[in-house]
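Descriptive structure summary
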Amino acid sequence: MAFSSGNDSGGPMASINVTPLVDVMLVLLIIFMITAPLMTHKIKVNLPEADLDNKEGKVEVTPITLAVLQDGTLYWDDEPISKALLESRLSVEAQKTPQPQINVRGDQTTKYRIVQEVVQTAQSQGMRKVGFVATPQRQ
């Protein structure tokens with residue numbers, strides 16, 4: 001298999017023939033120019049418009065803060081509460097729509113086991129949004 005450069009030196013040809021590449025690219029360009037307008041949707045649909053400024057349907061729900069002290073004393077929004085009353089109030093709050101968020105604040109010296117019991121009580125009563133409140137670190 002011999003390659004010839006077309007001159008009398010007999011060396012290999014060092015240039016690439018780009019004509020087939022240009023032909024293929026032009027054919028692809030023509031195909032895309034023809035098919036691109038056909039890909040747009042021709043069916044007219046009247047979509048409903050959302051009224052995002054309407055606040056009548058939204059109900060602001062204030063979160064409930066549960067404070068847990070080191071000795072296990074519980075506070076519902078700064079009011080003392082017993083564990084039995086806590087369970088009944090949480091089950092009532094779990095039935096509301098939308099459900100309020102429960103923020104659990106533990107004292108700095110409170111054992112995690114006590115906070116865990118409060119969180120498990122809230123979850124067992126059906127509360128889905130249970131979070132923790134902490135103070136940011138000082139730098």
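Going by the structure above, here's the rest.
A brief structural summary. Being a predicted model, the structure only gives us computed values, none of them experimental. (Residues numbered from 1 in each chain as written. Predicted model: local features only at pLDDT ≥ 70, side-chain atom pairs only at ≥ 80, totals over all residues. Heavy atoms only, no water.)

**Section: the overall build of the protein**
Put simply, the test is: Secondary structure elements follow DSSP: runs of H or I no shorter than four residues count as helices, runs of E no shorter than two count as strands, and numbering proceeds from the N terminus. Any two residues having at least one pair of non-hydrogen atoms within 4.5 Å are treated as being in contact. A 1.4 Å probe and the Shrake-Rupley method give the accessible areas. Residues count as covered only by the protein chains that appear here.
Scanning the protein from terminus to terminus reveals three helices and five strands. Tracing the protein from N to C terminus, the helices and strands come up as α-β-β-β-α-β-α-β. Counting contacts in the protein only where the partners sit at least 6 residues apart, residues at least 24 apart contribute 61% of the total. About 12000 Å² of surface is accessible on the protein, with carbon and sulfur atoms providing 57% of the total.

**Re the side chain of threonine 110**
Spelled out, the test is: Here a polar contact is taken to be a pair of N or O atoms separated by no more than 3.5 Å, where protein atoms must pair a possible hydrogen donor with a possible acceptor and residues adjacent in sequence count only if both atoms sit in side chains.
If you trace the backbone, threonine 110 turns up in the loop between strand 4 (102-106) and helix 3 (112-124). Only 3.3 Å separates the side chain of threonine 110 from the backbone nitrogen of glutamine 70, close enough to count as a polar contact. Discounting chain neighbours no more than four positions away, the residues touching threonine 110 are Val68, Leu69, Gln70 and Val115.

**What to know about unusual backbone geometry**
A cis amide bond links threonine 97 to the next residue, proline 98, at an omega of -5 degrees. Following the sequence through the fold, proline 98 ends up in the loop between helix 2 (83-94) and strand 4. The backbone phi angle of aspartate 77 is positive, close to 50 degrees, even though this residue is not glycine. If you trace the backbone, aspartate 77 turns up in the loop between strand 2 (74-76) and strand 3 (79-81).

**Observations regarding the pattern of salt bridges**
Applicable threshold: Throughout this description, the term salt bridge denotes a Lys or Arg side-chain nitrogen within 4 Å of a carboxyl oxygen of Asp or Glu. Each residue gets one of three labels from its accessible area relative to the maximum for its type: buried under 20%, exposed over 50%, partly exposed in between, using a 1.4 Å probe on protein chains only.
Scanning all chains against the criterion turns up four salt bridges. Close ionic contact of arginine 113 with glutamate 117 constitutes a salt bridge, the shortest N to O distance being 3.3 Å. Placement of both arginine 113 and glutamate 117 in helix 3 is noted, with a separation of four residues, approximately one turn of the helix. Glutamate 117 sits in the partly exposed class, given a relative accessible area of 32%.

**Let's talk about the nonpolar core**
The line we're drawing: We define a nonpolar core as any set of buried Ala, Val, Leu, Ile, Met, Phe, Trp, Tyr and Cys residues linked to one another through side-chain atoms lying within 4.5 Å.
Counting 17 residues, the largest nonpolar core has Trp76, Leu86, Leu90 and Ile102 as its most contacted members. The greatest single-element share of this core, amounting to five residues, is contributed by helix 3. Ignoring sequence-local partners within four residues, the contact set of leucine 90 consists of Trp76, Ile102, Thr121, Ala122, Gln125 and Met127.

**What about the pairing of strand 1 (residues 64-68)?**
The line we're drawing: Strand pairing is assigned whenever DSSP detects at least two bridges linking the two strands.
Of all the five residues making up strand 1, four are buried; the element is thus mostly covered by neighbouring parts of the structure. Sheet analysis places strand 1 next to strand 4, joined by five bridges and oriented parallel. From the neighbouring strand, leucine 66 faces strand 4, where its bridge partner is valine 104. Two elements, strand 1 and strand 2, share three bridges in a ladder whose sense is antiparallel. From the neighbouring strand, valine 68 faces strand 2, where its bridge partner is leucine 74. Hairpin connection between strand 1 and strand 2: a loop of five residues separates the two successive antiparallel strands, and glycine 72 in this loop has a positive phi of roughly 95 degrees.

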